[in-house]
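Architecture at a glance
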Amino acid sequence: TPKPSSAASDVYKRQIIRRDKKVEKILDLTLTVNKSDIKSHKSIKFNIDKEAEILKIEFDYFPKVVKESEDIVYAFQNRSSNLSHEEISSLKEKFIRGEEELKNLATLSLYSKDEYIGCAHRHLGKQTIIISSKESTAGFIKTPIKPGQWEIVISLHGVFIDNMQIFVKAFTEF
């Protein structure tokens, strides 16, 4: 099982030393996206009913690596690039032969009702993002977890296959 980044994991471990906290799942969503969704954004709005100590978001998507030749060819069709035609052809062939990996990329940004909280633009496995007024995962500000509407925006920078699965869970701790 992929582990969260050590910085996120360390923050979370420090936050959950006390086991008497109440944890509430506030979001559990699976999205399916396709090649046609590349360079688009998916908004996920959710409510936090009462002030919390910690907001924890788990984010993952699958597959990370594009394996099928036809998907790799598709990724290079009609794409603008600063590379020459020869460079593009050479790179495409390296991906097809498995010498290089073509990766899908979905990223997560977070907004509270009042402000932009931050983003995670990483090619990692499962990501665990922690937000609190004391500590937050790198890329996110420290902020109180106030009641109201919050929003996760999934940016689909690279979707080179159909039926890519995106998994988002969110929890509050009191």
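Let me begin by describing the structure that accompanies this report.

What counts, and at which threshold
Residues numbered from 1 in each chain as written. Predicted model: local features only at pLDDT ≥ 70, side-chain atom pairs only at ≥ 80, totals over all residues. Heavy atoms only, no water. Salt bridge = Lys/Arg side-chain N within 4 Å of Asp/Glu carboxyl O. Buried < 20%, exposed > 50% of the residue type's maximum accessible area, 1.4 Å probe, protein only. Pairing = 2+ DSSP bridges. Helix = DSSP H or I, 4+ residues; strand = E, 2+ residues; numbered from the N terminus. Axes fitted to C-alpha atoms, helices over the stretch in contact; angles between N-to-C directions. Contact = heavy atoms within 4.5 Å. Phe/Tyr/Trp six-rings, centres within 6.5 Å; stacked < 30°, edge-to-face > 60°. Expected span 1.5 Å × (residues − 1).

**Regarding the pattern of salt bridges**
- Summed over the entire model, instances satisfying the criterion amount to 9 salt bridges.
- One salt bridge connects K64 with D60, and the closest N-O pair in it is separated by 2.6 Å.
- A residue is classified by how much of its surface remains accessible, and D60, at 18% relative accessible area, is buried.
- R97 is the partner of E99 in a salt bridge, and the nearest nitrogen-oxygen pair spans 2.6 Å.

**Let's talk about the sheet that holds strand β9 (residues 148–158)**
- Strand order in the open sheet formed by 4 strands is β2-β9-β6-β7, with antiparallel pairing between adjacent strands. The strands lining the two open edges of the sheet, one partner per strand, are β2 (40–48) and β7 (116–120). Direction aside, neighbouring strands of the sheet carry axes that sit 20 degrees apart on average.

**Topic: the environment of E24**
- Examined against the element boundaries, E24 turns out to sit in strand β1 (residues 23–33).
- For E24, a relative accessible area of 25% translates into the label partly exposed.
- Separated by 146 residues in the primary sequence, E24 and A170 have C-alpha atoms spaced 8.6 Å apart.
- In this structure, E24 is in contact with A170, F171, T172 and F174, ignoring residues within four places of it in sequence.

**A few points about the packing of aromatic side chains**
- A complete count under the given rule lists 3 aromatic pairs for this structure.
- Relative to F95, the ring of F76 has its centre 5.7 Å away and its plane inclined at 40 degrees; by these criteria the two rings are tilted. Residue F76 is located in helix α2 (residues 69–76), and its partner F95 is located in helix α3 (residues 85–97); the two are separated by 19 residues in the primary sequence.
- By relative accessible area, which is 12% here, F95 ends up buried.

**Remarks on unusual backbone geometry**
- Note that the residue after F62, namely P63, is joined by a cis bond; omega there is 0 degrees.
- In the Ramachandran plot, K39 falls in the positive-phi region, its phi being about 60 degrees despite a non-glycine side chain.
- Positive phi values are uncommon outside glycine, yet N163 reaches one of about 65 degrees.
- One can find N163 in the loop between β9 and β10 (164–173).
- Judged by its relative accessible area of 51%, N163 is exposed.

**Examining α3**
- The end-to-end C-alpha distance of α3 is 18 Å, a good match for the 18 Å that 13 residues give at a rise of 1.5 Å each.
- A positive phi of about 85 degrees marks G98, the residue just after α3.

**Comments concerning the sheet that holds β1**
- Overall, antiparallel pairing links the 4 strands, which are arranged β1-β10-β3-β8 in an open sheet. Only two strands of the sheet have a single neighbouring strand rather than two, namely β1 and β8 (127–132). On average, adjacent strands in this sheet sit at an angle of 15 degrees to one another, irrespective of strand direction.
- Of the strand pairs in this sheet, β1 and β10 are connected by 10 bridges, and their pairing is antiparallel.

**Some thoughts on the pairing of strand β3 (residues 54–62)**
- Taken across its 9 residues, β3 has 8 buried, putting it largely inside the fold.
- Two elements, β3 and β8, share 6 bridges in a ladder whose sense is antiparallel. Along β8, the bridge assignment pairs L55 with I131.
- Two elements, β3 and β10, share 9 bridges in a ladder whose sense is antiparallel. Its bridge partner lying in β10, I57 is registered against A170.

By themselves, these are just geometric observations and shouldn't be taken as functional.
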